[in-house]
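Chain by chain, the residues:
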Amino acid sequence: MRTRPIILILSFIACIFCTNCGKSGPEPASFRYQQDPKLSHTLPPRADYPAARFIVLTDPHYYHPGLGTSGPDFARYIREDRKMLALSDEILEAAASEIQKEPGDFILICGDMTKDGERINHLRIAEKISSLHPRADIYVVPGNHDVRNPEAVRYTHEGSQGVASVEPEELGEIYGAYGYDNAIARDPASLSYVAEPVNGLWLFALDSCLWRKNRAGGHPVVNGRFSDKTLKWLEDMLIQARKNNKAAIAMMHHGLVAHYPGNEKYYGEYVVDHSETIARLLAAYGVRLVFTGHFHAQDITVKQFEDLPNPVFDIETGSLVTWPCPWREITISVGQTCTIESRFIKAIDSMPEGFSDYARNFALEGTVGLGRDALKKYHVSEKGMDLLAPQIAEAYLAHLAGDEDKPDTVISAKGTGIMGRLVLFFQKDLVEGWWTDLPPADNRLVIDLESSSRQQADAF
Ligand SMILES: [Fe+2]
């Protein structure tokens, strides 16, 4: 995610009258399971999940240092976007050295492989992840930064110059070994595919990105949506999974559901368009686990539909290059429990000590700075900015880390002046939302896949 408090504060104002930013375009056509209520009775019951152990990481935003880490344009990019790009290579190496020690059947990477879709970055990370694990196969999907990105550039002392991005077919070739070549099926209308990483388990790797809309000279589209063609393919494959007695999980870049109150109102482009419809489709066919990225936050949110027997869990993982630099270990047992554990990169080669503090300060200071810039535009006083920006940044970081422990006062307007109070009057709900942890727990969790009850892993 781009950490953009400027946009955040602008959206503070723009969204005052907006209540439905997360919706975009007409609802998808109805599905077969809706048109034919008897369909579910003609299919075998949903299959049990087979035992599986796998690792999830996302948003590595690989950036080849040879593309430049100095100059005014690079400094501006970093200032407006708080990813630790200059350390992405080292962080990936550190993650690999940890992940290699873990048993694992497969690895999921939920998109944003690169800074901005640069071909050289795709080629480099594809090579690097080949040694991520000695045995586990890797499966990737694209993120909003990865395909046909007009902002693929190299940085110079003077500014920046465009470099080649990748077209969708190239992405399928570059990551051929990571899902595309051995797919059971590929969607002709997107970069989605289905694979069988473990016998009896189908992985629905879904391309939720709108790279078709990216135009030279413009900005890449951030929001996500599935076309009607892709949704038809998806439902056909979900039916195939049931007919073949395969349990199903899914992965995609965009959030399946809102991860905090206000997510769709203020940051609708981080939740897939028509999220309710998509979540219902997956839940209707017994998909209970969906792995996502995009917002760079550790959050698990569950969606239960009254008329469906099982809920669907959206297990969002934070970015490798944004504090707290997490990855997850998932264990599904034959007893139908799913245990989710989170790990964090705590050291890199150049910072064997203090990396976590560095990463947190990098995110915090950047967010405070951008918050101040934004508040300034609304003529909030110097003192008001000093008081408000750190509080906004702390709320944001609390959401990035997950398991938010909401304080009694999420933000105080005391001493911030008239403009400070005005901004808060309209937009306190976003700060409140970041401090609000929708159930269940975010970092350690056990889910009973049969009853769909869940407990924090500590309780076991
Ligand atoms: Fe990202």
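These numbers were taken from a predicted model, which means no experiment stands behind them.

K.L.:
So what about the pairing of strand 10 (residues 289-292)? Which residues, and what values?
P.N.:
What you see with strand 10 is no split at all: L289 and F291 on one side and V290 and T292 on the other are buried throughout. Across three bridges, the pairing between strand 9 (residues 247-252) and strand 10 is parallel. Across the sheet, the residue bridging to A250 is V290, located in strand 10. In this structure, strand 10 lies alongside strand 12 (residues 312-316), joined through four bridges in parallel fashion. For L289, the partnering residue across the bridge sits in strand 12 and is F313.

K.L.:
I'd like a rundown of the pattern of salt bridges, residues and numbers included.
P.N.:
Counting across every chain of the model gives 25 salt bridges. Ionic pairing is found between K115 and D116, a salt bridge with its closest N-O pair at 2.9 Å. Each member of the pair, K115 as well as D116, carries the same accessibility label: buried. Several salt bridges share partner residues, and in doing so they unite R32, K232 and D236 into one network.

K.L.:
Go over a nonpolar patch on the surface with me, naming the residues and quoting the values.
P.N.:
A cluster of nonpolar residues, L422, F425 and F426, forms a patch on the protein surface that exposes about 320 Å² of accessible area. For F426, the position within the fold is in helix 13 (residues 417-435).

K.L.:
Pulling in residues and values, what's your account of the coordination of the iron ion?
P.N.:
Working reference: metal with six octahedral donors, ideal angles 90 or 180 degrees; metal with four tetrahedral donors, ideal angle 109.5 degrees. All of the protein donors around the iron ion are D59 (OD), H61 (NE2), D112 (OD) and H296 (NE2); their distances to the metal are 2.2 to 2.4 Å. Geometry at the iron ion is irregular, judged from its four donor atoms and the angles of 86 to 173° they form at the metal.

K.L.:
How would you explain the packing of aromatic side chains if you had to name every residue and give the values?
P.N.:
Enumeration according to the criterion identifies 21 aromatic pairs in this entry. With a centroid separation of 6.4 Å and an interplanar angle of 55°, the aromatic rings of Y77 and Y155 are classed as tilted. Taken together, the residues span a long stretch of sequence, with Y77 in helix 4 (residues 72-80) and Y155 in strand 4 (residues 153-155) at a distance of 78 residues. Each member of the pair, Y77 together with Y155, is buried. Among the aromatic residues, those joined into a ring-pair cluster are Y260, Y267, Y270, F295, Y396 and W434.

K.L.:
Which residues make up the packing of helix 11 (residues 355-377) against helix 12 (residues 382-401), and what values go with them?
P.N.:
Axis angle and axis distance: for two packed helices, these are the angle between their axes and the distance between the axes, and together they describe the pair. At a minimum axis separation of 8 Å, helix 11 and helix 12 run at an interaxial angle of 135°. Looking at the two axes, helix 11 sits oblique to helix 12. Note that helix 11 runs across helix 12; the crossing there is right-handed. Where helix 11 abuts helix 12, its residues R360, A363, L364, T367, V368, G371, R372, L375 and K376 lie against E382, M385, D386, L388, A389, P390, A393, E394, Y396 and L397. Class assignment of the residues belonging to the contact of helix 11 with helix 12 gives a composition of 11 nonpolar, two polar and six charged.

K.L.:
Tell me about empty space enclosed by the protein, and please be specific about residues and values.
P.N.:
Tallying each qualifying case throughout the model produces two cavities of 30 Å³ or more. In this structure, the largest cavity spans a volume of roughly 60 Å³. Every residue along the wall of the largest cavity is listed here: R46, A47, L238, A241, R242, K246, A247, A248, Y285, G286 and R288. Going through the elements one at a time, helix 8 (228-243) and strand 9 are the ones with two or more residues in the lining of the largest cavity. Broken down by element, the residue count for the lining of the largest cavity peaks at three residues, all from helix 8. Partitioning the lining of the largest cavity into residue classes produces six nonpolar, one polar and four charged. Size it by volume and the second largest cavity reaches roughly 40 Å³.

K.L.:
Report on the sheet that holds strand 11 (residues 299-303), specifying residues and quantitative values.
P.N.:
The strand order 6-7-8-9-10-12-11 describes an open sheet built from seven strands, whose pairing is mixed. What marks the edges here is a single partner per strand, and that holds for strand 6 (185-186) and strand 11. In the sheet, strand 7 (residues 193-198) pairs with strand 8 (residues 201-206) via four bridges, with the strands oriented antiparallel. Opposite A195, over in strand 8, you have L203 as the bridge partner.

K.L.:
Before we move on, can you summarise the environment of R148 with the specific residues and values?
P.N.:
Its place among the elements puts R148 in the loop between strand 3 (137-140) and strand 4. Remark: the alpha-carbon pair of R148 and N310, spanning 162 residues in sequence, is separated by 37 Å. If we ignore the near neighbours within four places in the chain, the residues touching R148 are S165, V166, E167, P168, W211, R212 and N214. Of the polar contacts made by the side chain of R148, one reaches the side chain of E167; its length is 2.7 Å.

K.L.:
Describe helix 13, naming the residues involved and giving the relevant values.
P.N.:
Taking 1.5 Å of rise per residue, 19 residues should cover 27 Å, yet helix 13 covers just 24 Å from first to last C-alpha, more than 12% shy of that figure. Turning to helix 13, its buried residues number three or more, namely G420, V423, L424, Q427, L430, V431, G433, W434 and W435.

Calculation criteria
- Residues numbered from 1 in each chain as written.
- Predicted model: local features only at pLDDT ≥ 70, side-chain atom pairs only at ≥ 80, totals over all residues.
- Heavy atoms only, no water.
- Buried < 20%, exposed > 50% of the residue type's maximum accessible area, 1.4 Å probe, protein only.
- Helix = DSSP H or I, 4+ residues; strand = E, 2+ residues; numbered from the N terminus.
- Pairing = 2+ DSSP bridges.
- Salt bridge = Lys/Arg side-chain N within 4 Å of Asp/Glu carboxyl O.
- Patch = residues over 30% accessible without salt bridge, like charges linked within 9 Å, V, L, I, M, F, W, Y side chains within 5 Å.
- Areas by Shrake-Rupley, 256 points an atom, 1.4 Å probe, with all protein chains shown as cover.
- Donors = N, O, S within 2.8 Å, 3.2 Å for Na, K, Ca; no water.
- Tetrahedral: all angles 85-135°; square planar, octahedral: opposite > 155°, others 65-115°.
- Phe/Tyr/Trp six-rings, centres within 6.5 Å; stacked < 30°, edge-to-face > 60°.
- Axes fitted to C-alpha atoms, helices over the stretch in contact; angles between N-to-C directions.
- Parallel < 35°, antiparallel > 145°, perpendicular 65-115°, else oblique.
- Left-handed = near helix turned anticlockwise from the far one by under 90°.
- Contact = heavy atoms within 4.5 Å.
- Nonpolar A, V, L, I, M, F, W, Y, C, P; charged D, E, K, R; others polar.
- 1 Å grid on protein atoms, 1.4 Å probe; cavity = no way out; pocket = protein on both sides within 12 Å on 5 of 7 lines; lining within 4 Å.
- Points joined across faces, edges and corners; volume = space filled by probe spheres on them.
- Polar contact = N/O pair within 3.5 Å; in protein donor to acceptor, adjacent residues only side chain to side chain.
- Expected span 1.5 Å × (residues − 1).

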